[in-house]
Amino acid sequence: MHHFGFLVPSTNTIVEIEYGRLLPPNLQVHVARIPFLSRGSDDSDVDYQTRLLGSAKVEVVALAQTGVTLSADDYDEQITKRISEAAGVPAITSARAIGLAVRALGARRIALVSPYPIPVLERATRHYTDKYGLEVVAFESFSGAESTIYPMLGPDEARDAIARTDRPEIEVFVVPAGNLPTMSFIPHWERAVGKPVISTNQAALWAMIQIMGVEEKLPGMGRLLEEMPAM
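1. With respect to the overall build of the chain
Here comes step 1: Within the chain, the secondary structure is distributed over ten helices and eight strands.
Here comes step 2: The C-alpha atoms of the chain give a radius of gyration of 16 Å, which matches the 17 Å a tight globule of 231 residues would have.
Here comes step 3: The principal-axis extents of the C-alpha atoms in the chain amount to approximately 45 × 40 × 35 Å.
Here comes step 4: At a minimum sequence separation of 6, the contacts of the chain that also span at least 24 residues come to 74%.
Here comes step 5: Accessible surface, the chain: about 9600 Å² in total, of which carbon and sulfur atoms supply 50%.
Here comes step 6: In the chain, which carries 21 positive and 28 negative side-chain charges, the distance between the mean positions of the two groups comes to 2 Å.

Structure (structure tokens):
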């Protein structure tokens, strides 16, 4: 049995559903909620919730709040160090997990397809270009609404956006948004375009499994989890 912790914004209603319904019994998620973070904000809630996750003896903690990770070049490193020290275990952000997952699949040219507004996708483009050496060939926002709306978006919106964005040079599609249901739909999206699709919750799970040293492949949630390439 492996236990892992996930820090999510207080408005996230998808992580427990995706992990609770799709994961085998030997992978147990423990979710803690925090306010939306911002550069320079009081992160005391992060410390408190992370310590509680640590008391549950989780093996790793991930933070799913991509927007704040993109707010400054060094924020990812700072918040990861803070979470790891509070929990007493390794930590990773979902934004970093996505970058590592693309590289683990041996890809470099990606497309960003997300309900995030355009300014966030522009920051994500700079982030993945500068920190991971990726080339963002294209990006598209298929919503732009607040994140509380994301759970009500159907899989067809992401599928159609992926199809509109597709072009030969794209190797991987990245669909960032932790409050967007993706994991059970990814195999359908991948078959439609013949390319891997990586989402926030999928990439974070892959990274945590790698960190925990679990030797298990998870079919039915996309190539990343089916193939389980090394980090």
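Read on for the rest.
2. Considerations on the packing of aromatic side chains
Here comes step 1: The full count for this structure, using the stated rule, is five aromatic pairs.
Here comes step 2: Seen from their ring centres, Phe 185 and Trp 189 are 6.2 Å apart, and the 35° between their planes marks the pair as tilted.
Here comes step 3: Phe 185 sits in the partly exposed class, given a relative accessible area of 24%.
Here comes step 4: The rings of Phe 4, Phe 6 and Tyr 19 are connected pair by pair, giving a single aromatic cluster.

3. So, the pattern of salt bridges
Here comes step 1: Overall, the coordinates contain eleven salt bridges when judged by the stated rule.
Here comes step 2: Salt-bridge contacts for Arg 109 lead to Glu 171; the nearest nitrogen and oxygen are separated by 3.8 Å. Separated by 62 residues along the polypeptide, Arg 109 in strand β5 (residues 109–114) and Glu 171 in the loop between α7 (155–165) and β7 (172–175) bring together distant segments of the chain.
Here comes step 3: Here Arg 109 falls in the partly exposed class, since its relative accessible area comes to 28%.
Here comes step 4: Here Asp 160 and Arg 159 are joined by a salt bridge, their closest N and O atoms 2.9 Å apart.
Here comes step 5: We classify Asp 160 as partly exposed; its relative accessible area is 31%.
Here comes step 6: Relative accessible area serves as the criterion here: at 36%, Arg 159 is assigned to the partly exposed category.
Here comes step 7: A single salt-bridge network, built from bridges that share partners, covers Asp 156, Arg 159 and Asp 160.

Cut-off values and rules
- Residues numbered from 1 in each chain as written.
- Predicted model: local features only at pLDDT ≥ 70, side-chain atom pairs only at ≥ 80, totals over all residues.
- Heavy atoms only, no water.
- Helix = DSSP H or I, 4+ residues; strand = E, 2+ residues; numbered from the N terminus.
- Rg over C-alpha atoms; globule rule 2.2 N^0.38 Å.
- Contact = heavy atoms within 4.5 Å.
- Areas by Shrake-Rupley, 256 points an atom, 1.4 Å probe, with all protein chains shown as cover.
- Lys, Arg positive; Asp, Glu negative; His and termini not counted.
- Charge placed at Lys NZ, Arg CZ, Asp CG, Glu CD.
- Phe/Tyr/Trp six-rings, centres within 6.5 Å; stacked < 30°, edge-to-face > 60°.
- Buried < 20%, exposed > 50% of the residue type's maximum accessible area, 1.4 Å probe, protein only.
- Salt bridge = Lys/Arg side-chain N within 4 Å of Asp/Glu carboxyl O.

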